[in-house]
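# A look at the structure
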Amino acid sequence: MKWIDLLHRWTGGIVGLVLAVLGLSGAILVFKHQWLGWMPGAGDAQRQDVAALAAQMNAALAVPGEAPRSLLFAYSDFGLTRRSYSGEAGVYADQAGRVVAAWDSKWDRFELWLFDLHHHLFLGDAGEIAAGIAGLIGLAFVITGVILWWRLRKTFKLRLFPKRMSRPAIVTHHRDIGVVFAPLLFLSMATGMLMVLKPVSTAVFAPGQGAGALQKPFAPPKVEGGPLARNLDWAAMFTAARARYPGAEIRLVALPRKPGDMIQMRLRQPAEWLPNGRTLLWFRPESGALVDTRDAHAMPTGIRAYNSVYPLHAAKVGGWLWKLVVASTGLVLAMLGSFAVWTFWFKRPKPRARPVRPAIAAAE
């Protein structure tokens, strides 16, 4: 038990600040659509009729210069469409096609750099892996924390904040509030870790199928397309998608990034948890002809389970109650991580002075 306590404290003192940053940024991002609601058009009702979607595509492609890489259509709780361009550039446009905000870099938009902090720690792919490893270490924190709490369970007292800012009070609060949120902390860090550590998620959801098994169902058809035509009949393409998947919400259109690529369309069927769905269709960029489809409900069980990881982690399912639960878990993680670092580095107990033994008088 002594070694478990030592490992728990030392790793907390080192990794605690990373977990605190991930928890706080995640809690803020849960309500992204709500605090972006001040933007013009953000409160507009979502339009999913074919004419409105086709008009948005035509408006985006009518802009001189580079075509957008993708259009993410308005949500039920956020009435703006996001156009993404090469690099980090993008715009928000209302559902009539009018641009209400534009940016050239993620540093121009609070929600973009906050997401980059949460997902990549501002370090790109290396930061993503580091965040995943931090989540894996966080799982060990939860397990060892519960083990350490069990010895002192009779002293349990539920407090939202420490009784006072002394080291014993903070340690007691850390132990007790941590065990209350242990299941939610475990779920939050497990889902976050599974999203970024692909070898782990492959072993869990597609065991024995090798690297890339989780991406194979989403691979585009091996068909080479021609150049993108700017005057495609988008209404006909959306109508074809709706005919194939009645009742599905059309979420995203990704345009070719390089010569030969297809146009990809993502749909969200009613039973899908992912906010942008995993039902896929591919169209020829020169003619708009439908090439292939993937039904999210027909995918293997492991893939469908993997598709539920992000919605659980980001509170994209479960309504307002789950949003509050996930945000509260993030805030508790931020508090536990920051207090762990503070007490470890700045509130460590002073070493006890050894008692001075009185000198023995020499015998005469």
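Higher on the page you've got the structure.
This is a predicted model, so every value here is computed, not measured. (Residues numbered from 1 in each chain as written. Predicted model: local features only at pLDDT ≥ 70, side-chain atom pairs only at ≥ 80, totals over all residues. Heavy atoms only, no water.)

## So, the overall build of the chain
When helices and strands are tallied, the chain shows twelve helices and eight strands. On C-alpha atoms alone, the chain measures out to a radius of gyration of 26 Å, which is more than a quarter above the 21 Å that the 2.2 N^0.38 rule sets for 364 residues. Its C-alpha atoms give the chain principal-axis dimensions of roughly 115 × 45 × 35 Å. When burial is assessed residue by residue, the chain has 47% of its 364 residues classed as buried. The long-range fraction of contacts in the chain, counting pairs at least 24 apart against all pairs at least 6 apart in sequence, stands at 59%. Total accessible area on the chain stands at roughly 19400 Å², and carbon and sulfur atoms take up 64% of it. Of note, the chain has its 42 positive side-chain charges centred 14 Å away from the centre of its 23 negative side-chain charges. (Helix = DSSP H or I, 4+ residues; strand = E, 2+ residues; numbered from the N terminus. Rg over C-alpha atoms; globule rule 2.2 N^0.38 Å. Buried < 20%, exposed > 50% of the residue type's maximum accessible area, 1.4 Å probe, protein only. Contact = heavy atoms within 4.5 Å. Areas by Shrake-Rupley, 256 points an atom, 1.4 Å probe, with all protein chains shown as cover. Lys, Arg positive; Asp, Glu negative; His and termini not counted. Charge placed at Lys NZ, Arg CZ, Asp CG, Glu CD.)

## Let's talk about the packing of helix α1 (residues 2-29) against helix α12 (residues 319-346)
Packed helices, taken two at a time, are described by the angle between their axes plus the distance between the axes. At a closest axis distance of 7 Å, the pairing of α1 and α12 adopts a crossing angle of 150 degrees. By the angle between their axes, α1 is roughly antiparallel relative to α12. For the pair α1 and α12, the sense of crossing is left-handed. Packed against α1, whose contacting residues are Arg9, Trp10, Gly12, Gly13, Gly16, Leu17, Leu19, Ala20, Gly23, Leu24 and Ala27, the element α12 presents Ala327, Gly330, Leu331, Leu333, Ala334, Gly337, Ser338, Ala340, Val341, Phe344 and Trp345 at the interface. Tallied by class, residues from the contact of α1 with α12 come to 14 nonpolar, seven polar and one charged. (Axes fitted to C-alpha atoms, helices over the stretch in contact; angles between N-to-C directions. Parallel < 35°, antiparallel > 145°, perpendicular 65-115°, else oblique. Left-handed = near helix turned anticlockwise from the far one by under 90°. Nonpolar A, V, L, I, M, F, W, Y, C, P; charged D, E, K, R; others polar.)

## Thoughts on the pattern of salt bridges
The full count for this structure, using the stated rule, is ten salt bridges. Salt-bridge contacts for Asp94 lead to Arg98; the nearest nitrogen and oxygen are separated by 3.1 Å. Since its relative accessible area comes to 8%, Asp94 is described here as buried. A salt bridge links Arg268 to Glu249, with the nearest nitrogen and oxygen atoms 3.8 Å apart. Within this pair, whereas Arg268 is found in strand β6 (residues 263-268), its partner Glu249 is found in strand β5 (residues 249-254), the two being separated by 19 residues in sequence. (Salt bridge = Lys/Arg side-chain N within 4 Å of Asp/Glu carboxyl O.)

## Observations concerning the environment of Glu286
Positionally, Glu286 belongs in the loop between β7 (279-283) and β8 (290-294). A sequence separation of 82 residues divides Glu286 from Val204, and the C-alpha atoms of the two residues are 40 Å apart. Setting aside chain neighbours within four positions, we find Glu286 in contact with Gly225, Gly226, Pro227, Ala229 and Leu232. Within polar-contact distance, the side chain of Glu286 engages the backbone nitrogen of Gly226 at 2.9 Å. Among the polar contacts made by the side chain of Glu286, one reaches the side chain of Arg284 at a distance of 2.5 Å. (Polar contact = N/O pair within 3.5 Å; in protein donor to acceptor, adjacent residues only side chain to side chain.)

## Some remarks on unusual backbone geometry
Backbone phi values are negative for most residues with the exception of glycine, while trans is the configuration of most peptide bonds. Look at Leu121: it is not a glycine, yet its phi comes out positive at around 55 degrees. Here Leu121 shows up in the loop between α4 (110-120) and α5 (124-151). Here the phi dihedral of Phe122 falls at roughly 65 degrees; this positive angle occurs in a residue that is not glycine. With respect to the helices and strands, Phe122 occurs in the loop between α4 and α5. Phe122 sits in the partly exposed class, given a relative accessible area of 37%.

## Topic: the pairing of strand β2 (residues 81-84)
Bridge count for strand β1 (residues 70-72) against β2 is three bridges, and the pairing is antiparallel. Within β2, the residue paired with Leu71 across the bridge is Arg83. Of the strand pairs in this sheet, β2 and strand β3 (residues 90-93) are connected by four bridges, and their pairing is antiparallel. Paired with Ser84 across the strands is Gly90, a residue of β3. Turn length for the β2-β3 hairpin, with the two strands adjacent in sequence and antiparallel, is five residues, and the turn residue Gly87 shows positive phi of about 70 degrees. (Pairing = 2+ DSSP bridges.)

## What about the nonpolar core?
Judged by nonpolar contacts, the single largest core of 35 residues is most densely connected at Leu19, Leu185, Met189, Phe205, Leu214 and Val309. Broken down by secondary-structure element, the contributors of at least two residues to this core are α1, α5, α7 (182-196), β7, α10 (301-306) and α12. Broken down by element, this core gets its largest block of residues, eight residues, from α7. Once residues lying within four places of it in the same chain are set aside, the contact partners of Met189 are Leu19, Gly135, Gly138, Leu139, Val142 and Leu333. Counting 24 residues, the second-largest nonpolar core is a separate cluster that includes Leu53, Phe73, Trp234 and Leu281. (Core = buried A, V, L, I, M, F, W, Y, C linked by side-chain atoms within 4.5 Å.)

## Re the packing of aromatic side chains
Scanning the model with the defined rule gives twelve aromatic pairs in all. One residue, Arg251, lies across the ring of Tyr75, its end atom 3.9 Å from the ring centre. (Phe/Tyr/Trp six-rings, centres within 6.5 Å; stacked < 30°, edge-to-face > 60°. Lys NZ or Arg CZ within 6 Å of the ring centre and 35° of its normal.)

## Some thoughts on the side chain of Asp94
Mapped onto the fold, Asp94 is located in the loop between β3 and β4 (99-103). At 3.0 Å, the side chain of Asp94 and the backbone nitrogen of Ala96 are in polar contact. Each residue touching Asp94, except ones within four places of it in the same chain, is listed here: Gln56, Leu80 and Val100.

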